[in-house]
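Results of the structural survey
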Amino acid sequence: MSVFFSQKLAALKPYVPGEQPTDKNYIKLNTNESPFPPSEKVKEVINAGAIDDLRLYSDPDLNALCSAIAEYYDVDKAQVFCGNGSDEVLSFAFLAWGCNGVAFPDISYGFYPVFADLYGLQTNIVPLNEDFTLDLKDFNGKAGFIVFANPNAPTGLTVSTNEIEELVASNPDSVVLVDEAYVDFGAETALPLINKYSNILVVRTFSKSRQLAGARLGYAFGCKELIEDLNRIKFSFNPYNVNRLTALAGIEAINDNVWFKECSDKIVNTREALKTALKQRGFYVTDSKTNFVFASHPLLPKDALYKGLKQNGILIRHFNNPKIVNFNRITIGTDTETERLIEAIDRILEEVRK
Ligand code: PMP
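These notes cover the structure that comes with them. Only a predicted model underlies this, so the values are computations on that prediction, with no experimental measurement involved. (Residues numbered from 1 in each chain as written. Predicted model: local features only at pLDDT ≥ 70, side-chain atom pairs only at ≥ 80, totals over all residues. Heavy atoms only, no water.)

1. Details of the site of the ligand
Inspection of the region around the ligand gives Gly85, Ser86, Asp87, Leu90, Tyr109, Asp179, Ala181, Tyr182, Thr205, Ser207, Lys208 and Arg216 as its neighbouring residues. A distance of 2.7 Å separates an oxygen atom of the ligand from a polar atom in the side chain of Ser86. Asp87 places a polar main-chain atom, nitrogen or oxygen, 3.0 Å from an oxygen atom of the ligand. With four residues, the single largest contributor to the shell around the ligand is helix 4 (residues 85–97). Tallied by class, the residues present in the shell around the ligand amount to four nonpolar, four polar and four charged. (Near = heavy atom within 4 Å. Polar contact = N/O pair within 3.5 Å; in protein donor to acceptor, adjacent residues only side chain to side chain. Helix = DSSP H or I, 4+ residues; strand = E, 2+ residues; numbered from the N terminus. Nonpolar A, V, L, I, M, F, W, Y, C, P; charged D, E, K, R; others polar.)

See the structure below:
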C-alpha cells in the first residue's frame with residue numbers, strides 16, 4: 001500500500017477470486033466457468049474485421065447488444081443495462097441504491113460485503129437457516145437496498161418467484177436486487193416482475209450459461225427509471241464499459257439458442273449424476289440448481305478434499321467461513337472431467353479409510 005492510498009479504503013478486504021493457475025493444466029472445477037467453448041457463431045463474428053474495428057471506441061449505449069437481449073427476453077430495450085461482467089452491474093447497483101444501507105445473506109456471493117465496504121455502506125446481514133435455506137421474510141423491515149442471489153451461491157439453493165414477489169411488494173421503499181447468475185441451470189426467474197414493480201432489478205451474466213466468463217459481460221433488467229440510474233453511474237465512470245469484441249460475442253451468444261440449450265442441458269444432467277455419485281460415497285449434498293454442487297463429507301473436514309483433489313490435478317473451491325468450513329463448491333465439468341473427479345475422490349476416500 002502506498003502512502004498516498006485513501007485512509008478510508010486502507011481497511012478494505014478485497015474479494016479473493018478463485019485460483020486461475022498457470023503452473024500446470026488442472027481440471028478446473030473451481031470458478032463456475034462453462035466446461036464448453038462459446039458458440040461457433042461467437043467464434044465466427046470475432047474476425048479480422050472486428051479486430052480492425054478495435055481502433056474505434058465501443059458504442060456507449062450498446063444499442064445492438066441491448067436490443068438483442070431485449071428481443072430474446074421480450075422486454076423493452078429501456079429495461080436493459082449491460083456491464084463489464086455482472087460484477088460491474090452489481091457494483092453500480094450498490095453505489096446507486098445502497099446509501100440507506102444494504103441487506104444481504106450471511107452466506108452468499110463474497111463480493112456483496114466487498115462492494116458494501118468499498119462504498120462505505122451500512123450492512124444488515126441476514127443469516128441463512130441451519131439447512132442453508134433463505135427465508136426472504138427475514139429481509140422485511142431491513143430498510144435500504146436488498147440483495148440476494150437466486151439460486152444462492154455457494155449453496156445452490158433457490159427461493160420461489162412467489163416469495164420474491166411478496167418481498168418486493170411488501171418493501172416498496174427498497175430496491176430488491178435478484179442476482180440470477182445461475183438461473184439458467186434450473187431456477188425460476190423473477191424477470192416477469194419487472195413489468196409489475198418499479199423496485200426490482202434482475203441481474204444476469206454471460207459467464208456461466210453463455211460460456212463467456214473471459215469476455216466479461218453482465219446485464220440487468222428493471223424498470224426504465226432503475227436502468228437510467230445505472231446508466232448515470234456508468235456515464236460517470238466508464239461510458240465504454242463493454243468492449244467491441246465482447247458486445248459482438250454477446251449478440252451471437254444470445255442468438256444461438258441451440259448451443260445455449262445443449263450446454264445447459266448437459267450441465268444439468270451431469271450435475272444430477274454427480275450429486276447421486278457423491279451421495280453414494282457418503283457426501284452431504286445440497287439440492288443445487290446451479291452449475292456447481294455444494295458438498296461435505298464427514299471423513300474430509302475443512303480443506304481436506306480441496307487439498308487432496310489439487311494433488312490429483314483437480315481444482316475445486318473451499319471457503320474459510322466457519323459456517324461452511326467443511327463444505328466444498330465443485331463446478332460441473334464435462335462428463336470426462338466428472339469421471340476423473342469421482343475417480344480421484346474414490347482414491348482420496350480409500351486413503352483416509354486406511
Ligand atoms: N453473482 C454471483 C452469485 C456469482 O457467483 C458471480 C460469479 N463469481 C457473479 C455474480 C459475477 O459474475 P460475472 O462478473 O462473471 O458476470
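2. A closer look at the sheet that holds strand 10 (residues 292–296)
Hydrogen bonds between backbone groups are what pair the strands of a sheet, and the pairing can be parallel or antiparallel. The strand order across the open sheet built from four strands is 9-10-13-12, with neighbouring strands paired in antiparallel fashion. Pairing within the sheet leaves two strands with one partner each, and these edge strands are strand 9 (284–285) and strand 12 (317–318). Sheet topology note: the strand 9/strand 10 ladder contains two bridges and is antiparallel. Across the sheet, residue Tyr284 finds its bridge partner in strand 10, namely Ser296. The strands touched by helix 9 (residues 257–280) are strand 9 and strand 10; relative to strand 10, the strand with the most contacts, the crossing angle is about 10 degrees. (Pairing = 2+ DSSP bridges. Contact = heavy atoms within 4.5 Å. Axes fitted to C-alpha atoms, helices over the stretch in contact; angles between N-to-C directions.)

3. Comments concerning the environment of Asn243
Mapped onto the fold, Asn243 is located in the loop between helix 7 (224–234) and helix 8 (244–255). Judged by relative accessible area, Asn243 falls into the partly exposed class, the value being 35%. Taking the C-alpha atoms as reference, Asn243 lies 33 Å from Thr123; in sequence the two are 120 residues apart. If we skip the residues at most four places from it in the chain, Asn243 touches Ser58 and Ala215. For Asn243, the side chain forms a polar contact with the main-chain nitrogen of Thr246, separated by 2.9 Å. (Buried < 20%, exposed > 50% of the residue type's maximum accessible area, 1.4 Å probe, protein only.)

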